[in-house]
Every structure is written in C-alpha cells, then in structure tokens.
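Coordinate analysis (summary)
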Amino acid sequence: MLNVYLSGEIHTDWRDQIEQGAKDLDVTFTSPVTDHGASDDCGVAILGAEPDKFWHDHKGAKLNAIRTRQAIEEADIVVVRFGDKYKQWNAAFDAGYAAALGTSLIILQPPEHDHALKEVNAAALAVARTPQQVVQMLRYVLEGTLPK
C-alpha cells in the first residue's frame with residue numbers, strides 16, 4: 001500500500017484524474033484543503049477576525065501547515081502539481097519539504113515551466129507531464145508493470 005499526498009494547483013481536476021486512474025491500486029490519497037476560500041479563511045473562521053490582511057493570511061497559513069506537514073510526513077510519495085496559472089509558492093515549499101525529508105517526489109508540470117522549476121525538478125525522482133503518467137508510475141511502483 002502507498003500513501004500519496006497530492007499537493008499543488010487547485011484549479012483543475014488533476015487530482016480526480018489520478019484518483020480515478022489509480023482506483024484499482026492499493027493507494028490512499030491525501031491532499032490539502034482544495035476549497036480556496038476555506039483554505040484562505042480557516043484561521044480567522046476558527047481563531048477570530050484580523051483587520052490586517054497579513055495576519056489574516058498568517059493565521060490561515062499556519063493552520064493549513066499543520067495539515068500539510070502531517071500529510072507530507074506520512075506520505076510514501078508526494079506529487080506536486082504546478083499549473084499554468086498563478087504563482088504556486090506553496091507548492092514549491094511542499095516539494096522542498098518532501099525533498100528535505102527524503103520522501104519520494106514526483107513533479108507534475110507543463111514543459112514551459114522546465115526552466116523556472118529546474119531546481120525543484122532536480123530534487124524530484126520523476127517529472128510527469130500528465131496525470132496519466134503519474135498513475136502509470138504508481139502502477140509500476142506497486143506492480144512492476146508497464147503501460148499497455
């Protein structure tokens with residue numbers, strides 16, 4: 001059995017594609033909260049309002065870090081998706097954290113990000129272009145079989 005943490009971009013269905021493709025494999029998936037509003041506002045919703053946006057975000061980031069750290073530390077493999085839109089500094093941080101822990105790391109990103117992510121990619125054990133490639137990697141790791 002593998003415990004796989006799916007980190008990164010939250011605006012497309014890449015997680016669903018991987019989970020559907022791997023539904024016959026012995027894999028448990030975890031991820032950050034993908035409801036952007038809930039993720040941004042969790043700190044103030046639980047700990048109280050903040051008039052300064054910095055402290056609003058700070059509370060949320062720290063609360064989300066509890067979930068993220070636990071999930072990455074428990075993962076056998078961390079998959080980090082860098083999408084086409086938005087600056088995903090949190091995804092880069094997750095990749096670095098996984099690499100520092102020695103956790104197997106797969107980066108999922110389009111070719112146009114190759115240069116910008118060269119250091120992140122160098123820390124990864126694999127760089128995939130599609131969710132289907134990630135599924136094929138998981139299948140190979142678990143079963144030793146190649147795509148047909």
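Attention here is on the structure that accompanies the text.

**A few points about the overall build of the chain**
Along the chain, the regular secondary structure elements total six helices and five strands. Secondary structure elements of the chain occur, N-terminal to C-terminal, as β-α-β-α-α-β-α-β-α-β-α. For a compact globule of 148 residues, the expected C-alpha radius of gyration is about 15 Å, and the chain comes in at 16 Å, within 12% of that figure. Residues classed as buried in the chain amount to 39% of the 148 residues present. Contacts spanning at least 24 positions in sequence make up 61% of the contacts within the chain whose residues lie at least 6 apart. Surface summary for the chain: the accessible area is close to 8,700 Å², and the carbon and sulfur share equals 56%. Seen as two clouds, the 14 positive and the 21 negative side-chain charges of the chain have centres 2 Å apart.

**Some words on the packing of helix α1 (residues 14-21) against helix α6 (residues 131-143)**
The N-to-C vectors of α1 and α6 enclose an angle of 35°; their axes lie 9 Å apart at closest approach. You can see that α1 and α6 cross each other, and the crossing is right-handed. Here Trp-14, Gln-17, Ile-18 and Gly-21 of α1 lie close against α6, whose contacting residues are Pro-131, Gln-132, Val-134, Val-135, Leu-138 and Arg-139. Classifying every residue of the contact of α1 with α6 by side-chain character gives six nonpolar, three polar and one charged.

**Here's the deal with the nonpolar core**
Counting residues in each nonpolar core, the largest one holds 17 residues, and the members touching the most others are Val-4, Ile-18, Phe-29, Val-79, Val-134 and Leu-138. For this core, the secondary-structure elements that each account for two or more residues are β1 (2-8), α1, β2 (27-30), β3 (77-81), β4 (104-108) and α6. Leave out the neighbours within four places in its chain, and Phe-29 touches Val-4, Leu-6, Ile-18, Glu-19, Ala-22 and Leu-138. In this structure, Ala-71, Ala-91, Ala-98 and Leu-117 belong to the second largest nonpolar core, which totals 15 residues.

**Remarks on the environment of Phe-93**
Looking at the secondary structure, you find Phe-93 in helix α4 (residues 89-101). In the structure, Phe-93 is positioned 18 residues away from Pro-111 in sequence and 20 Å away in space, judged by C-alpha atoms.

**Some words on the environment of Ala-100**
Along the chain, the position of Ala-100 falls in helix α4. Here Ala-100 falls in the exposed class, since its relative accessible area comes to 68%. C-alpha of Ala-100 to C-alpha of Ala-123: the two residues are 23 residues apart in sequence and 9.2 Å apart in space.

**Examining the packing of helix α2 (residues 36-47) against helix α3 (residues 53-74)**
Packed helices, taken two at a time, are described by their axes: the angle between them and the distance between them. In the contact formed by α2 and α3, the axes pass within 7 Å of each other and the chain directions differ by 100°. Comparing their axes, α3 and α2 come out roughly perpendicular. Taking contact as the criterion, the partners of Ser-39, Asp-40, Asp-41, Cys-42, Gly-43, Val-44, Ile-46 and Leu-47 in α2 are, on α3, His-56, Lys-59, Gly-60, Leu-63 and Asn-64. Taken together, the residues of the contact of α2 with α3 sort by class into five nonpolar, five polar and three charged.

**Describing α1**
Regarding α1, the residues found buried are Trp-14, Arg-15 and Ile-18. Considered in projection along α1, the buried side chains sweep an arc of 105° and stay on one side of the axis. Close packing links the buried residues of α1 with β1, β2, β3, β4 and α6.

**A few points about the side chain of Asn-121**
Inspection of the secondary structure assignment puts Asn-121 in helix α5 (residues 118-123). The class of Asn-121 is buried, set by a relative accessible area of 14%. Of the polar contacts made by the side chain of Asn-121, one reaches the side chain of Gln-109; its length is 2.8 Å. Those residues in contact with Asn-121, other than ones at most four positions away along the chain, are Ile-107, Gln-109, Asp-114 and Val-127.

Parameters at a glance
Residues numbered from 1 in each chain as written. Predicted model: local features only at pLDDT ≥ 70, side-chain atom pairs only at ≥ 80, totals over all residues. Heavy atoms only, no water. Helix = DSSP H or I, 4+ residues; strand = E, 2+ residues; numbered from the N terminus. Rg over C-alpha atoms; globule rule 2.2 N^0.38 Å. Buried < 20%, exposed > 50% of the residue type's maximum accessible area, 1.4 Å probe, protein only. Contact = heavy atoms within 4.5 Å. Areas by Shrake-Rupley, 256 points an atom, 1.4 Å probe, with all protein chains shown as cover. Lys, Arg positive; Asp, Glu negative; His and termini not counted. Charge placed at Lys NZ, Arg CZ, Asp CG, Glu CD. Axes fitted to C-alpha atoms, helices over the stretch in contact; angles between N-to-C directions. Left-handed = near helix turned anticlockwise from the far one by under 90°. Nonpolar A, V, L, I, M, F, W, Y, C, P; charged D, E, K, R; others polar. Core = buried A, V, L, I, M, F, W, Y, C linked by side-chain atoms within 4.5 Å. Parallel < 35°, antiparallel > 145°, perpendicular 65-115°, else oblique. Arc of directions from axis to C-beta. Polar contact = N/O pair within 3.5 Å; in protein donor to acceptor, adjacent residues only side chain to side chain.

By themselves, these are just geometric observations and shouldn't be taken as functional.
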